[in-house]
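Results of the structural survey
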Amino acid sequence: MVGSTLTKEQTTNMKRSTAIPADQLKPVVAQIVAHQKIYDLHTHLYTPRFGTPVANSTGKTDPTGLMLWGVEELVTYHYLVAEVYRVVPASKLPYEEFWKWPKSRQADHIWKYLFVENTPVSEACRGVLTTLGKLGLDPNEKHLDAYRDYFARQNPSQYIDKVMELSNVHTITMTNPVFDDNERDRWLADKTVGSDPRFKAVLRIDPLLRNFPQAAAKLADWGYQVHGDPSAQSIDEVKRFLNQWLDRQDAIYMAVSLPPDFRYPANQTDTLALAGQTILEKAILPVCAERKMPFAMMIGSNLRTQPELRDAGDTSGISDVASVARLCRDFPGNKFLVTMLARENQHELCVTARKFGNLMPFGCWWFLNNPSLITEITQMRFELLGTSFIPQHSDARILDQLVYKWDHSRKVLVNVLTDMYTRIAETGRLITREDIVHDVEKLLNGNFQAFLAQ
Ligand code: HDL
Ligand code: ZN
């Protein structure tokens, strides 16, 4: 320590005095992890300005509002729709009938079959119970009516404060899919729609890379001189479109979800993939590089494998990590936030991140967001990357989910961190409270902020 008046021995003794004995590590780690405020870098949550369809104390609801919260949204989360169809199959309840029901009847159906008539052991079920309990409600109710009144009495904006306090999240990062008309129209109608200091915006551009001709037709409708083939003029117009929306949203990064068969470079016989590659190379990455803005690639989602389940119908597939490596190598001026959906891709992604400082692995995404897999992936990341990664994001779609997604993830992180520190202490290296505070701040807040600023 520069200018220290302590001798080396005194410094060592001081560290020794604040060192934590191995058998006392877990409570100290737990307290520090609980206390650390989190920057949640990927959610599908919205500010109240985007409207809410949920009955609340203000009396103002918007049937197409995007801010989802409360027990009926919690219980009809698409993960639970998929799970209830394993209990009451489509042969008994045709999908189209279920989708015609009002949200309240869908919620009652799910509560009955997943929470009352069967033990709610899945992670998505247990999450609802955790949230209800931490809100001070009894998770043992046989009917949802007992909860409905509580939520109807909430003021949406004040409820956001309550949920952020319970989950100890300081910033919620949205997902703002500009090709979704409901979302886009709201930004065009009110340029301050995203201006809530608790939230950050992210420009989500999936159609640009998944189906450029389809995206180009929309861009042309919106007045951009973009044609189905990514010509030089089209590229310039796509860049103009991206810059306009990044400015409008004051977005902190750009994001895409890609299928498992995403390849870079693209398969030369696949015209759709080649168009996507051109847009990626000539529009998206240059715009991000100019802004020193990360590009988030969420790779491995097969959309609508079971279309009858709608949002609940997507599945996971093994993707190509070598394509990520080539992008990091070929675009050293870009920063890549990457999460992959297949468990099988996690080790190779860690190995690749050891080679590229512009690659930041993040989160245990979607079907990986379960304690057994979060444990495996997080331990693997510590062993290969030290503390230079972002262990988790919530991916919350319903505001209240922040409470359970972070409670459950914190518990896993405490166990993995404690195990890691214990193994380090066994070498004789002292672990101090300062070490743990430093590491946890990086993992839950600082690494993301530093990557944004890098
Ligand atoms: O594409 C994504 O951002 C995914 O997170 C999807 O929204 C997915 O449906 C989801 O909610 N996963 O948790
Ligand atoms: Zn998501």
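Calculation rules
- Residues numbered from 1 in each chain as written.
- Chains lettered and ligands numbered in written order.
- Predicted model: local features only at pLDDT ≥ 70, side-chain atom pairs only at ≥ 80, totals over all residues.
- Heavy atoms only, no water.
- Pairing = 2+ DSSP bridges.
- Helix = DSSP H or I, 4+ residues; strand = E, 2+ residues; numbered from the N terminus.
- Contact = heavy atoms within 4.5 Å.
- Axes fitted to C-alpha atoms, helices over the stretch in contact; angles between N-to-C directions.
- Phe/Tyr/Trp six-rings, centres within 6.5 Å; stacked < 30°, edge-to-face > 60°.
- Lys NZ or Arg CZ within 6 Å of the ring centre and 35° of its normal.
- Core = buried A, V, L, I, M, F, W, Y, C linked by side-chain atoms within 4.5 Å.
- Buried < 20%, exposed > 50% of the residue type's maximum accessible area, 1.4 Å probe, protein only.
- Domains from an automatic or database assignment.

Before going further, it helps to examine the sheet that holds strand β2 (residues 169-173). Taken in spatial order, the 3 strands of this open sheet run β1-β2-β4, and their pairing is parallel. Both outer strands of the open sheet, β1 (38-40) and β4 (199-200), are each paired with one neighbouring strand and no more. For β1 and β2, the ladder comprises 3 bridges, and the chain directions are parallel. Bridged to Asp-40 within β2 is Ile-172. Sheet contacts for helix α18 (residues 401-425): β1 and β2; angle to β1, the most-contacted strand, approximately 120°. The strands touched by helix α19 (residues 433-453) within the sheet are β1 and β2, with β1 carrying the most contacts at an inclination of about 55°.

A few words now on the packing of aromatic side chains. A full pass over the atoms with the stated rule returns 22 aromatic pairs. An aromatic cluster is defined as three or more aromatic residues linked by ring pairs; in this entry it consists of Tyr-85, Tyr-95, Phe-98, Trp-99 and Trp-101. Lying over the aromatic face of Trp-245, Arg-248 brings its terminal NZ or CZ to 4.4 Å of the ring centre. Its end group placed over the ring of Phe-451, Lys-335 keeps NZ or CZ at 6.0 Å from the ring centre.

Among the nonpolar cores identified, the biggest contains 152 residues, and Ile-205, Leu-208, Leu-242, Ile-284 and Phe-295 are the most heavily contacted of them. When residues of this core are assigned to domains, at least three map to each of domain 1 (28-46 + 167-453) and domain 2 (51-152). In contact with Ile-284, not counting residues within four places along its chain, are Ile-205, Leu-208, Leu-209, Leu-242, Met-254, Ile-279 and Phe-295.

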